[in-house]
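Coordinate analysis (summary)
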Amino acid sequence: MKFEVDTHTHTVLSGHAQSTLLENAAAAAKAGIRGIVLTDHGPSIASSPPDFVISTYSSMPNVIDGVRIYYGTEANIIDFKGSIDIRENYMGMLDFAIAGMHGFVLKPGTKKQNTDAVIAALNNEKVDMISHPDNPSYEMDYEAFVKETKRLGKLVEVNEHSIWYRKGSEQNALIYLELCKKHDVRIAVSSDAHISLNVGVCDTAAAVLEQCSFPHQLIANLTKERFDEYLVSRGKAVI
């Protein structure tokens, strides 16, 4: 299974990633990936840039090496009210926005606190997806999470890096994927690449989808056209 758009990638701008946007685009082109989303971290992670860097994206190319570049962010959820560390005016400049909980920023709370945080963040109209919801450090009510994602018409992430890196993540991913099937909720499969060599590499995630016989029609980034259709449904301009 191949996903034409990688919806979660990082560059040296995040501080702890190893490749530039040009290197990521070149790797995507070589792998036959048609689009990548630039999702560098929000400023609450010490190595990451201030949010006003987003204002520079408008002067950057939309296509590099034949690969569509979608400009986004991985904002940090900074409290259990679902607040994020990117200001609203900058969020409005993005093609696609992810929000996530990271231990560097917000220590895990109770199952209810974690669930309340991600649901509140999802209700930010500029947020499209919650990053690595499989993370076992943040126990969640997956039924409530998936239903809210469905209600809002947004996406559930299947994160390659998290699934192979975090013990217990694969089991959690299987739980919410079954719920996505049950409730007809769309997903996006991402590499969460922190080096160009991993851009578009989602083999572990693809195996998990095959394991649960996940319907291909619910994978929003399986084709670029389908991902663009999602963006249009969210009122985003598409090239």
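See the structure printed just above.
Per chain, the residues get numbers from 1 upward, laid out in the order the sequence is written. Local features are withheld for residues below a pLDDT of 70 in this predicted model, meaning they are given only at 70 or higher, and side-chain atom pairs are given and counted only at 80 or more; totals for whole chains, interfaces and linings count all residues. Neither water nor hydrogens contribute to the side-chain values; these are computed over all heavy atoms in the structure.

Moving on to the pairing of strand β1 (residues 5-9). The buried label applies to any residue whose accessible area, calculated with a 1.4 Å probe on protein chains only, is under 20% of its type's maximum; exposed applies above 50%, and partly exposed to all values in between. What counts as a helix is a DSSP run of H or I of at least four residues, what counts as a strand is a run of E of at least two, and both are numbered from the N terminus. In terms of burial, β1 is largely enclosed, as 5 of its 5 residues are buried. At least two bridges found by DSSP between two strands are what make those strands a pair. As paired elements, β1 and strand β2 (residues 35-38) share 3 bridges and run parallel to each other. Within β2, the residue paired with threonine 9 across the bridge is leucine 38. For the handedness criterion, the β-α-β arrangement of β1, helix α1 (residues 21-31) and β2 is classed as right-handed. Note on handedness: a crossover is taken as right-handed if, strands pointing away from the viewer, the path from the first strand over the helix to the second is clockwise.

Interhelical geometry of helix α4 (residues 142-152) versus helix α6 (residues 169-183) gives an angle of 45° and a closest axis separation of 10 Å. Comparing the axis directions of α4 and α6 gives the class oblique. The two elements α4 and α6 meet at a crossing, and its hand is right-handed. Across the interface between the two elements, Tyr142, Glu143, Val146, Lys147 and Lys150 of α4 pack against Asn172, Ile175, Tyr176, Leu179, Cys180, Lys182 and His183 of α6. Gly is placed with the polar residues, together with every amino acid not listed as nonpolar (Ala, Val, Leu, Ile, Met, Phe, Trp, Tyr, Cys and Pro) or charged (Asp, Glu, Lys and Arg). Partitioning the contact of α4 with α6 into residue classes produces 6 nonpolar, 2 polar and 4 charged. Throughout, an axis means a line fitted to C-alpha atoms (over the contacting stretch in the case of helices), and angles, computed between N-to-C directions, take values from 0 to 180 degrees. Just so you know how the angles are binned, under 35 degrees is roughly parallel, over 145 roughly antiparallel, 65 to 115 roughly perpendicular, and the rest oblique. Each crossing is labelled by how the near helix is turned from the far one, with a counterclockwise turn of less than a right angle marking it left-handed and a clockwise turn marking it right-handed. Any two residues whose heavy atoms approach within 4.5 Å are treated as being in contact.

Turning next to the environment of lysine 2. Relative to the elements of secondary structure, lysine 2 occurs in the segment before β1. On the basis of relative accessibility, which here comes to 47%, the residue lysine 2 falls in the partly exposed class. On a C-alpha basis, the gap between lysine 2 and isoleucine 78 in space is 33 Å, while along the polypeptide they are 76 residues apart. Residue contacts for lysine 2: discarding those within four places in its chain leaves Ala31, Gly32, Ile33 and Leu222. A polar contact of 2.7 Å, which involves the side chain of lysine 2, links it to the backbone oxygen of alanine 31. We define a polar contact as two N or O atoms separated by no more than 3.5 Å, with the added condition that, inside protein, one atom must be a possible hydrogen donor and the other a possible acceptor, whereas residues neighbouring each other in sequence contribute only through side-chain atom pairs.

As a further point, take empty space enclosed by the protein. Empty space among the atoms becomes apparent when a probe as large as a water molecule is rolled across them. Using protein atoms alone on a 1 Å grid, points that fit a 1.4 Å probe yet trap it form a cavity, whereas open point sets bounded by protein on both sides within 12 Å along at least five of seven lines form a pocket; residues with an atom within 4 Å of a point count as lining. Grid points are joined across faces, edges and corners, and a volume is the space filled by probe spheres set on the points. One pass over the structure, following the stated rule, counts 2 cavities of 30 Å³ or more. In this model, the largest cavity occupies a volume close to 80 Å³. Lining the largest cavity are 13 residues, and of these His41, Pro49, Ile54, Tyr57 and Thr73 lie nearest its centre. Along the lines of polarity and charge, the residues of the lining of the largest cavity split into 7 nonpolar, 4 polar and 2 charged. Roughly 70 Å³ of internal volume is contained in the second largest cavity.

To form a nonpolar core, buried Ala, Val, Leu, Ile, Met, Phe, Trp, Tyr and Cys residues must be joined to one another through side-chain atoms within 4.5 Å. Counting residues in each nonpolar core, the largest one holds 61 residues, and the members touching the most others are Ile77, Val158, Leu177, Ile187, Val189, Leu209 and Phe214. Setting aside anything within four residues of it in sequence, one finds valine 189 in contact with Phe3, Val5, Thr7, Val158, Cys202, Ala205, Leu209, Ile219 and Asn221. Of all hydrophobic cores here, the second largest spans 12 residues; its members include Tyr70, Ala220, Phe227 and Tyr230.

Turning our eyes to something else, we now look at the layout of surface pockets. One number sums up the size of the largest pocket: a volume of about 360 Å³. In terms of lining, the largest pocket is formed by 18 residues, of which the most central are His102, Phe104, His132, Tyr165 and Arg166. Its residues assigned to classes, the lining of the largest pocket comprises 6 nonpolar, 9 polar and 3 charged. Of the volumes computed, that of the second largest pocket is approximately 160 Å³. For the second largest pocket, the full set of lining residues is Ile54, Ser55, Tyr57, Ser58, Met60, Asn62, Tyr71, Met93, Leu94 and Asp95. Across the lining of the second largest pocket, the residue classes break down as 6 nonpolar, 3 polar and 1 charged.

Turning our attention to helix α7 (residues 203-211). Taken together, the buried positions of α7 are Ala205, Ala206, Val208 and Leu209. Down the axis of α7, the buried side of the element spans an arc of 155°, and every buried residue falls inside it. Exposed residues on α7 whose side chains face more than 90 degrees from its buried face are Asp203 and Gln211. In this fold, the buried residues of α7 make contact with β7 (155-159), α5 (160-165), α6 and β8 (187-190). Phi turns positive, to about 50°, at serine 213, one or two residues after α7. Each direction from the helix axis to a C-beta atom contributes to the arc, which is the arc of those directions.

On to the pattern of salt bridges. Take a side-chain nitrogen of Lys or Arg and a carboxyl oxygen of Asp or Glu: if they are within 4 Å of each other, that pair is a salt bridge. By the definition in use, this model includes 12 salt bridges. Arginine 87 serves as the salt-bridge partner of aspartate 51, at 2.7 Å between the closest nitrogen and oxygen. Placement of the pair is aspartate 51 in the loop between β2 and β3 (63-64) and arginine 87 in the loop between β4 (67-76) and α2 (88-91), with a sequence separation of 36 residues. Take aspartate 51: its relative accessible area is 7%, and that puts it in the buried class. We classify arginine 87 as partly exposed; its relative accessible area is 48%.

On their own, these measurements won't tell you what the molecule is for.
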